[in-house]
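Structure at a glance
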Protein chains: 2
Amino acid sequence: MIDHAEFMHQLPDEYLIDVLPIAKRIASAGEFSQYNVLQNNGKLANQAVPHVHFHVIPKPNQETGLGIRWRAMETTKEDIEVKYKHIMQKL
Amino acid sequence: MIDHAEFMHQLPDEYLIDVLPIAKRIASAGEFSQYNVLQNNGKLANQAVPHVHFHVIPKPNQETGLGIRWRAMETTKEDIEVKYKHIMQKL
């Protein structure tokens, strides 16, 4: 048994399986019609406290809630193939 | 059994429990040291295709990956208490 993890990938599956059923209930109980589920790993990735946690963020309109800017990395088809094979081998 | 859902809260728990153990394996296999897990519900919330799906987004540096702008809603302590009680009753 572990009692603390900073990153999601450090958590055993037996803990991870509990998370989304709870997030679902929060979204339903809060009657969120649109919302984001966000989990950040590392300071660069906007993690403010070093404990695994999940955000369920209502998005009632354009102005409030989560704003997203998502820049794709510069890459080539060859790069993607190499990365893809590497990940598939390890999965 | 359902075979399609647009929003996360429409998915039965038996499907939801599979998601994060898979996301964890993707993050580990990709050797992401920092990353975001993101799931969007609704067009306003940046959902581009109307099927539940999860993103595992590497964040190797400031410039690439997910950029987040998160504006808190204007609220009062009273508003929060009302909302809190409402959610707790329904949970």
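Definitions and cut-offs
Residues numbered from 1 in each chain as written. Chains lettered and ligands numbered in written order. Predicted model: local features only at pLDDT ≥ 70, side-chain atom pairs only at ≥ 80, totals over all residues. Heavy atoms only, no water. 1 Å grid on protein atoms, 1.4 Å probe; cavity = no way out; pocket = protein on both sides within 12 Å on 5 of 7 lines; lining within 4 Å. Points joined across faces, edges and corners; volume = space filled by probe spheres on them. Helix = DSSP H or I, 4+ residues; strand = E, 2+ residues; numbered from the N terminus. Nonpolar A, V, L, I, M, F, W, Y, C, P; charged D, E, K, R; others polar. Pairing = 2+ DSSP bridges. Axes fitted to C-alpha atoms, helices over the stretch in contact; angles between N-to-C directions. Least-squares fit on C-alpha atoms with pLDDT ≥ 70 in both. Contact = heavy atoms within 4.5 Å. Buried area = accessible area lost by both parts, 1.4 Å probe. Salt bridge = Lys/Arg side-chain N within 4 Å of Asp/Glu carboxyl O. Polar contact = N/O pair within 3.5 Å; in protein donor to acceptor, adjacent residues only side chain to side chain. UniProt positions renumbered as here; feature names shortened; annotations may be inferred.

With an unreviewed UniProt entry as reference, chain A is termed HIT domain-containing protein, source organism Rhizopus delemar.

1. Description of the layout of surface pockets
Sizing a probe to match a water molecule and rolling it over the atoms shows the empty space that remains. In this structure, the largest pocket encloses a volume near 710 Å³. Along the walls of the largest pocket sit 26 residues, with Phe32(A), Pro58(A), Met73(B), Lys83(B) and Ile87(B) positioned nearest its centre. Secondary-structure elements contributing two or more residues to the lining of the largest pocket are strand 2 (55-58) of chain A together with strand 3 (65-71) and helix 2 (77-90) of chain B. Ranked by residue count, the leading element in the lining of the largest pocket is helix 2 of chain B, at six residues. Looking at the lining of the largest pocket, its residues break down into 14 nonpolar, six polar and six charged. Within this model, the second largest pocket holds a volume of roughly 580 Å³. Forming the boundary of the second largest pocket are 21 residues, of which Met73(A), Lys83(A), Ile87(A), Phe32(B) and Pro58(B) lie nearest the centre. Ranked by residues supplied to the lining of the second largest pocket, first place goes to helix 2 (residues 77-90) of chain A with five residues.

2. With respect to the sheet that holds strand 1 (residues 35-41) of chain B
Picture the strands of a sheet paired through backbone hydrogen bonds; they go either parallel or antiparallel. One open sheet holds the four strands; their spatial order is 2(A)-1(A)-1(B)-2(B), and the pairing between them is antiparallel. A strand with exactly one partner marks an edge of an open sheet, and here the two such strands are strand 2 of chain A together with strand 2 (55-58) of chain B. Sheet twist, expressed as the mean angle between neighbouring strand axes with direction ignored, is 25°. As judged from the four bridges shared by strand 1 of chain B and strand 2 of chain B, these two strands associate in the antiparallel manner. Across the sheet, the residue bridging to Leu38(B) is His55(B), located in strand 2 of chain B.

3. A closer look at the relation of the copies chain A and chain B
Once chain A is rotated about the relating axis by 180° and shifted along it by 0.0 Å, it coincides with chain B to within an RMSD of 0.0 Å. The superposition of one copy onto the other is thereby described by a two-fold rotation axis. When the interface residues of chain A are mapped onto chain B, 100% of them again lie at the interface, so the same face is used by both copies.

4. Notes on the interface of chain A and chain B
Listed per partner, the contact involves 57 residues of chain A and 57 residues of chain B. Summed over both sides, the interface between chain A and chain B buries roughly 5,200 Å², with carbon and sulfur atoms accounting for 60% of that surface. In this assembly, chain A and chain B are joined by six salt bridges. Its salt-bridge partner being Arg25(B), residue Asp13(A) comes within 2.9 Å of it at the nearest N-O pair. The interface formed by chain A and chain B includes 26 residue pairs in polar contact (both at pLDDT 80 or more). Contributions of two or more residues to the side of chain A that touches chain B are made by helix 1 (13-29), strand 1 (35-41), strand 2, strand 3 (65-71) and helix 2 of chain A.

5. Looking at the UniProt feature "active site" (unreviewed entry) in chain A
Residues and elements named next belong to chain A. The UniProt record marks His 53 with the feature "active site" (unreviewed entry), using the residue numbering of this structure. Mapped onto the elements of the fold, His 53 is located in the loop between strand 1 and strand 2. With sequence-adjacent residues up to four places away left out, His 53 is seen in contact with Leu 38, Gln 39 and Gln 47. A distance of 2.6 Å separates a polar atom in the side chain of His 53 from the backbone oxygen of His 51.

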